[in-house]
Amino acid sequence: MDMRWENFIGGGYRPASRGLYFEDLNPATGNLVAQVARSGSEDLQWAIDSAKEAFGSWSKTSPEARAGILYRIGEGLVLREEEFALAETLDTGKPIAFSRSVDIPRAAANFRFFAAAATQFASEAHEMPGRAINYTLRQPVGIVGCIAPWNLPLYLMSWKIAPALAAGNCVVAKPSEFSPVTAAMLGEVCNEAGLPPGVLSILQGFGSEIGEAIVDHPDVKAISFTGGTQTGARIASRTAPAFKKISLELGGKNPCIVFADCDYPRTLREIERLAFSNSGQICLCGSRILVEQSIYERLSADLVNAATQLHPADPLDPATRMGALISEPHLQKVHGYVEQARSEGGRILCGGQRLPGAGAFYPPTLIDGLGPEAACNREEIFGPVATLQPFATEEEALELANHSAYGLAATLWTENLSRAHRMASALQTGIVWVNTWLLRDLRTPFGGVKHSGTGREGGWEAMRFFTEPKNVCINFGPRNA
Ligand code: NDP
């Protein structure tokens, strides 16, 4: 798959205005996947101009018609699932089995879900008896920017684009420079589904260039962003003077709290999944495993045993469960944290050294003996590295769990129902899973607190974000007037 991808603007593929391209590499091999347009402000202006032209009619298109198009986009992804899965794996180094079973089906589900939402998102009315009726119009924001990261590229991009379109907005989207291909391919599917030209533009390039230009453009009225906390903070400060709407889904340092009364075999299986899925490169991955003292030795031994059987291997082999990291620099960053853990007195229980060869392969790594202030317990690593810490009481577990600048997701493993409710209520996170992980109902609010971001995605939360509520108050007037 050695090719060139242009920007998708006005319903067609347009060469980069400055004639600049960057190399998209396969992190598992170092091979070139594609040359990709490196957009500048002129490309953005084309996209904005075509969005302005399209907005008038798209925003007035009936919800049913919008739903039909979104549904067909979802179907188009299903029809080309294998092609999209391959592209996702070549771009990111993730196992093809994961792209096939998670990334692409979920992207299709996002479009189908928000197709339905478009037809069901209704206005509210409040009567003031005898005096007036109030109703709330939910109008599209206008042109919105959607910026997504590389870890779940189409999955997260479609999680933004689909509700934005469902609500009647025009979208300028930017995928990560590390995972540009599936977003580029999405343009073809949108055309086949009948999405009018200009309603969606996909601009490729660097965050520091085109990402920032989208954030700053005065005609872009809202930014939906998923990515790192530092980038999120930068977007918040740049958009504040213009009072743009922002939804920021940022990093996590998620606690996984295991009580001795858990269903042990299930918990063990699930911890392996929550720590190492997608090589730990999911914002929701558990990276701080807190274990009740009485089962600490047993669980850490069993986890090490499970982790050492998880061998990073060729992502294109359907049997592979763990692939490559996104890039060599990212691998170096991940390894840097492991080295720091060593210097801070941590014990590397397994992993901790890159695999030989050209690809960015790093094994599952478990570390214990670190205090809550150690870098590996405070900072997001975003790799296959998790720490283990013991606790004696429920209070201590809660204190350790909440001892974080982040607040995205927590998992609780216990058969004690009262404890589960108590802990769930007291945890400072946007999401709590009890005896499960990454079980998602697309109607539920998704997002974090503290440095994990602001705003929520999913269901009506997303539809609310992508619309402006307008209250209309009609005075009934005197009866005989
Ligand atoms: P980044 O913040 O580096 O990038 C995210 C996106 O923003 C990319 O498209 C990037 O482009 C772009 N970008 C970078 N700089 C700017 C800028 N100044 N202005 C506008 N856009 C910019 O994050 P990563 O791609 O490294 O993704 C990993 C991070 O994402 C982790 O912290 C992870 O926790 C978080 N994440 C959060 C999720 C959540 O729902 N809470 C879900 C998934 C990931 P480019 O790549 O071209 O630089």
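Residues numbered from 1 in each chain as written. Predicted model: local features only at pLDDT ≥ 70, side-chain atom pairs only at ≥ 80, totals over all residues. Heavy atoms only, no water.

A look at the overall build of the chain
The test is simple: Under the scheme used here, helices are H or I runs from DSSP no shorter than 4 residues and strands are E runs no shorter than 2 residues, and both carry numbers assigned from the N terminus. Atoms counted for the radius of gyration: C-alpha only. Globule rule: 2.2 Å times residue count to the power 0.38. Note on exposure labels: buried denotes an accessible area under 20% of the residue type's maximum, exposed denotes more than 50%, and partly exposed covers the range between, all computed with a 1.4 Å probe on protein chains only. Contacts are residue-level and defined by heavy atoms, with any inter-residue pair within 4.5 Å sufficient. Here the accessible surface of atoms and residues is derived via Shrake-Rupley with a 1.4 Å probe, and residues count as covered only by protein chains that are part of the display. Residues scored as charged are limited to Lys and Arg (positive) and Asp and Glu (negative), so that His and the chain ends carry no count. Charged groups are reduced to one reference atom each: NZ for lysine, CZ for arginine, CG for aspartic acid, CD for glutamic acid.
Along the backbone of the chain there are 15 helices and 23 strands. Relative to a compact globule of 481 residues, whose C-alpha radius of gyration would be 23 Å, the chain shows 23 Å and is just as compact. The principal-axis extents of the C-alpha atoms in the chain amount to approximately 80 × 60 × 40 Å. Here the chain, with 481 residues, has 57% of them falling under the buried criterion. For the chain, the proportion of contacts with a sequence separation of at least 24, taken over those separated by at least 6, is 73%. Carbon together with sulfur atoms contributes 54% to the accessible area of the chain, which is approximately 18,900 Å² in total. Distance between charge centroids for the chain: 6 Å, based on 43 positive and 51 negative side chains.

As for the sheet that holds strand E6 (residues 125–128)
The line we're drawing: For two strands to be treated as a pair, DSSP must find at least two bridges joining them. Helix axes use the C-alpha atoms of the stretch in contact, all axes being lines fitted to C-alpha atoms, and the angles between their N-to-C directions lie in the range 0 to 180 degrees.
Strand order in the open sheet formed by three strands is E6-E7-E23, and the pairing between neighbours is antiparallel. Bordering the open sheet on either side are E6 and strand E23 (467–475), each of which pairs with just one other strand. The sheet shows a mean angle of 20° between the axes of neighbouring strands, direction not considered. Bridge count between E6 and strand E7 (residues 132–140): four bridges; the pairing is antiparallel. Looking at E7, one finds that His126 is bridged to Asn134.

Here we look at the pattern of salt bridges
For side chains bearing opposite charge, pairing can occur when the charged atoms are close. We count it as follows: The salt bridge criterion pairs a side-chain nitrogen of Lys or Arg with a carboxyl oxygen of Asp or Glu, the two atoms within 4 Å.
Following the criterion strictly, the structure yields 27 salt bridges and no others. With a shortest N-O distance of 4.0 Å, Arg378 and Glu373 are connected by a salt bridge. Arg378 is the partner of Glu379 in a salt bridge, and the nearest nitrogen-oxygen pair spans 3.9 Å. Under the relative-accessibility criterion, Glu379 is labelled partly exposed at 30%. On the accessibility criterion, Arg378 (36% relative accessible area) is partly exposed.

Overview of the site of the ligand
Test applied: Nearness here has a simple test: a residue counts as near a molecule or strand if at least one of its heavy atoms is within 4 Å of that partner. For this analysis, a polar contact is any N or O atom pair within 3.5 Å, provided that within protein one partner can donate a hydrogen and the other can accept it, and provided that sequence-adjacent residues contribute only side-chain to side-chain pairs. Residues are grouped as follows: Ala, Val, Leu, Ile, Met, Phe, Trp, Tyr, Cys and Pro are nonpolar; Asp, Glu, Lys and Arg are charged; all remaining types, including Gly, are polar.
In the vicinity of the ligand there are 30 residues, among which Glu177, Glu212, Leu250, Cys283 and Glu380 approach most closely. Side-chain polar atom of Glu212 to a nitrogen atom of the ligand: 2.6 Å apart, as the coordinates give it. A distance of 2.7 Å separates an oxygen atom of the ligand from a polar atom in the side chain of Thr231. With four residues, helix H7 (residues 207–216) is the single largest residue contributor to the shell around the ligand. Of the residues in the shell around the ligand, the class split is 14 nonpolar, ten polar and six charged.

Focus: the packing of aromatic side chains
The test is simple: Centres within 6.5 Å make a pair out of two Phe, Tyr or Trp rings, where for Trp the six-membered ring is used; the pair is then stacked when the planes are under 30 degrees apart, edge-to-face when over 60, and tilted otherwise. Any Lys NZ or Arg CZ that is within 6 Å of a ring centre and within 35 degrees of that ring's normal is treated as a charge sitting over the ring.
Under the criterion given, the structure shown has ten aromatic pairs. Pairing Trp150 with Phe382 gives two aromatic rings, centres 5.4 Å apart and planes at 70°, and the pair type is edge-to-face. Taken together, the positions of Trp150 in the loop between strand E8 (143–147) and helix H5 (153–166) and Phe382 in the loop between helix H12 (375–378) and strand E17 (385–391) put the pair 232 residues apart, joining distant regions of the chain. Relative to Phe391, the ring of Phe259 lies with its centre 5.2 Å away and its plane at 70°, an arrangement referred to as edge-to-face. Here Phe391 lies in strand E17 and Phe259 lies in the loop between strand E13 (254–258) and helix H9 (264–276), a separation of 132 residues in the sequence. Here Phe259 and Phe391 have matching classes, each one buried. Among the aromatic side chains, those forming a connected cluster through ring pairs are Phe113, Phe114, Trp159 and Phe446. A cation over a ring is seen here: Lys245 above Phe465, with NZ or CZ 5.4 Å from the ring centre.

So, the environment of Pro315
When you line up the elements, Pro315 lands in the loop between helix H10 (293–308) and helix H11 (328–343). Relative accessible area serves as the criterion here: at 4%, Pro315 is assigned to the buried category. Along the sequence, Pro315 and Gly357 sit 42 residues apart, while their C-alpha atoms lie 14 Å from each other. Those residues in contact with Pro315 that sit more than four places away from it in its chain are Ala28, Thr89, Gly93, Lys94, Pro95, Ile96, Thr320, Gly323, Ala324 and Phe361.

What about the domain arrangement of the chain?
For clarity, the cut-off: Note: domain ranges come from an automatic or database domain assignment. Accessible area, probed at 1.4 Å, shrinks when two parts are joined; the buried area is that loss added up over both.
Domain annotation of the chain identifies domain 1 (4–250 + 452–470) and domain 2 (254–434). Each of domain 1 and domain 2 was reduced to a C-alpha centroid, and the two centroids are 31 Å apart. Listed by partner, the interface residues are 23 residues for domain 1 and 27 residues for domain 2. Between domain 1 and domain 2 the total buried area reaches about 1,900 Å² when both faces are included, carbon and sulfur atoms providing 65% of it. Ranking the residues of domain 1 by area buried against domain 2 places Pro95, Trp150 and Ser452 at the top, with a combined share of 28%. Counting the contacts that link domain 1 with domain 2 gives zero salt bridges. One can count seven residue pairs in polar contact (both at pLDDT 80 or more) joining domain 1 with domain 2. Of all the elements in the fold, those that place two or more residues in the side of domain 1 that touches domain 2 are helix H3 (81–92) and helix H4 (96–120). For the side of domain 1 that touches domain 2, the element with the most residues is H3, which contributes five residues. Of the residues in the side of domain 1 that touches domain 2, the class split is twelve nonpolar, seven polar and four charged.

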